[in-house]
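Structural description and commentary
For reference, the chains in residue letters:
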Amino acid sequence: MQRVIEEMVKLRVGLSSEAQKMAEGLGGGKMLRAKLLLHIAPHHPLSPRIAAIIEFIHAASLLHDDVIDEARLRRGLPSVNALYGNKSAVMLGDILYSQAYSALAEHDPFLITTIAKAVVALSEGELADVRLSQEYHEDESAYMAMIEGKTAALIEATAVCGAFLAGLPIEPFALYGRNLGLAFQIVDDLLDVTQDEATLGKPAMGDLAEGKMTLPYLIMVQKLDDNEKVRFRALHSRALDQTEASWIKEIMLSRGVIDETTARIRWLGQQAMEALANAKIDDSLMAQLQKIMDAMTQREF
């Protein structure tokens, strides 16, 4: 990972001093995409550079996401928009996107096209997220399509780029990356319900307050009676008090919502690993990718 961090520093050097200062806190986090690419193509000399470019793009998307969600915290610290304002955060995101594309333009057209298409899907997913959050809905297919763009597309593109650099079959790695991204987002959505603010580094149950009907809520509403549905709908798009939050958690625990959501996450991981096994991917790489899947789907923050 040190090589990726060094490449990210090189990318930041091309920014103005003001942009560099604002971007100082953006190098943290899980760096899932970089780790994934380095595991798939550890020996290719371009891997750290491409991984750094993808992490730059991811950071840009988070800047825009925090503005859209009016988030004041990111990983337990004040977000860029909280520190510098929405306009500056949006512009910094644009700068990071532009810097990443400028660096990406030096490389193979396949890599350029793969990542560019993913960013389009990511942006469309963000747009769908905004639209779906504007009113109450129970459309699971719309939710799944939204997170496939918003979260899974760039992770899928990362796996595809890694496979391309390593000379491995593209399709099983595309499925692995897509399912890893879907599972990652569903875990995030579940943790928003089950964990507290201190663990998450942001307010708990913030999704419902923002109007987001995530998979746990979509599964939950199918288990409510008519009176309970009326009560739940009244909680949509507003902050919950302790009694309301406890009511939701109790229903999710007692009616198997958390177990059912966890089973969906596990199924996505199993499908991804089966695709790799059917393609006869090397056992050592399989073990590494299983470890990544487990780490991302069994995490508690």
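Bear in mind the structure is a predicted one, so any value in this text is a computation, not a measurement.

Calculation criteria
Residues numbered from 1 in each chain as written. Predicted model: local features only at pLDDT ≥ 70, side-chain atom pairs only at ≥ 80, totals over all residues. Heavy atoms only, no water. Axes fitted to C-alpha atoms, helices over the stretch in contact; angles between N-to-C directions. Helix = DSSP H or I, 4+ residues; strand = E, 2+ residues; numbered from the N terminus. Parallel < 35°, antiparallel > 145°, perpendicular 65-115°, else oblique. Contact = heavy atoms within 4.5 Å. Nonpolar A, V, L, I, M, F, W, Y, C, P; charged D, E, K, R; others polar. Expected span 1.5 Å × (residues − 1). Buried < 20%, exposed > 50% of the residue type's maximum accessible area, 1.4 Å probe, protein only. Arc of directions from axis to C-beta. Salt bridge = Lys/Arg side-chain N within 4 Å of Asp/Glu carboxyl O. Core = buried A, V, L, I, M, F, W, Y, C linked by side-chain atoms within 4.5 Å.

Another point: the packing of helix H9 (residues 170-194) against helix H16 (residues 283-297). Interaxial distance between H9 and H16 falls to 9 Å at its minimum, and their mutual angle equals 20°. Taken together, the axes of H9 and H16 are roughly parallel relative to one another. For the pair H9 and H16, the contacting residues are Phe173, Tyr176, Leu180, Ala183, Phe184 and Val187 in the first and Leu285, Leu289, Ile292, Met293, Met296 and Thr297 in the second. Residue composition of the contact of H9 with H16, grouped by class: 11 nonpolar, 1 polar and no charged.

The subject of this paragraph is helix H1 (residues 2-13). Across its 12 residues, H1 extends 17 Å between first and last C-alpha, which sits within 8% of the 16 Å expected from 1.5 Å per residue. By the burial criterion, the buried members of H1 are Val4, Glu7, Met8, Leu11 and Arg12. Buried positions in H1, seen along its axis, are confined to an arc of 145° and lie on one side of it. For H1, the exposed residues set more than 90 degrees away from the buried face come down to Gln2, Lys10 and Val13. At its buried positions, H1 is contacted by helix H2 (17-23), helix H3 (32-40), helix H4 (47-69) and helix H6 (86-104).

Below, the discussion takes up the pattern of salt bridges. Evaluation of the coordinates by the stated rule reveals 14 salt bridges. With its nearest N and O atoms 3.4 Å apart, the salt bridge here joins Lys212 to Glu210. Judged by relative accessible area, which is 32%, Glu210 ranks as partly exposed. Ionic pairing is found between Lys223 and Glu260, a salt bridge with its closest N-O pair at 3.2 Å. With a gap of 37 residues between them, Lys223 in the loop between helix H12 (215-221) and helix H13 (226-233) and Glu260 in helix H15 (residues 257-278) connect regions that are remote in the sequence. Its relative accessible area of 31% is what places Lys223 among the partly exposed residues. Residue Glu260 is classed as partly exposed on the basis of its relative accessible area of 31%. Several salt bridges share partner residues, and in doing so they unite Asp65, Asp69, Asp129, Lys150, Glu210 and Lys212 into one network.

With respect to the element layout, Ser47 can be found in helix H4. What makes Ser47 buried here is its relative accessible area of 0%. If near-sequence neighbours (up to four positions away) are discounted, Ser47 is found in contact with Leu37, Leu38, Ala41 and Leu165.

Now for unusual backbone geometry. Even without being a glycine, Glu70 presents a positive backbone phi close to 55°. Of note in the backbone geometry, Met205 takes a positive phi value of approximately 55° without being a glycine. Tracing the sequence through the fold places Met205 in the loop between helix H10 (197-200) and helix H11 (206-209).

Below, the discussion takes up the nonpolar core. Core analysis: the biggest nonpolar cluster contains 42 residues, and Ile50, Leu92 and Leu96 have the highest contact counts within it. At the level of elements, H1, H2, H3, H4, H6, helix H7 (109-132) and helix H8 (140-166) are the ones that each hand at least two residues to this core. In terms of residue count, the dominant contributor to this core is H4 (11 residues). Counting residues in hydrophobic clusters, the runner-up holds 37 residues, among them Ala142, Ile147, Leu224 and Ile265.

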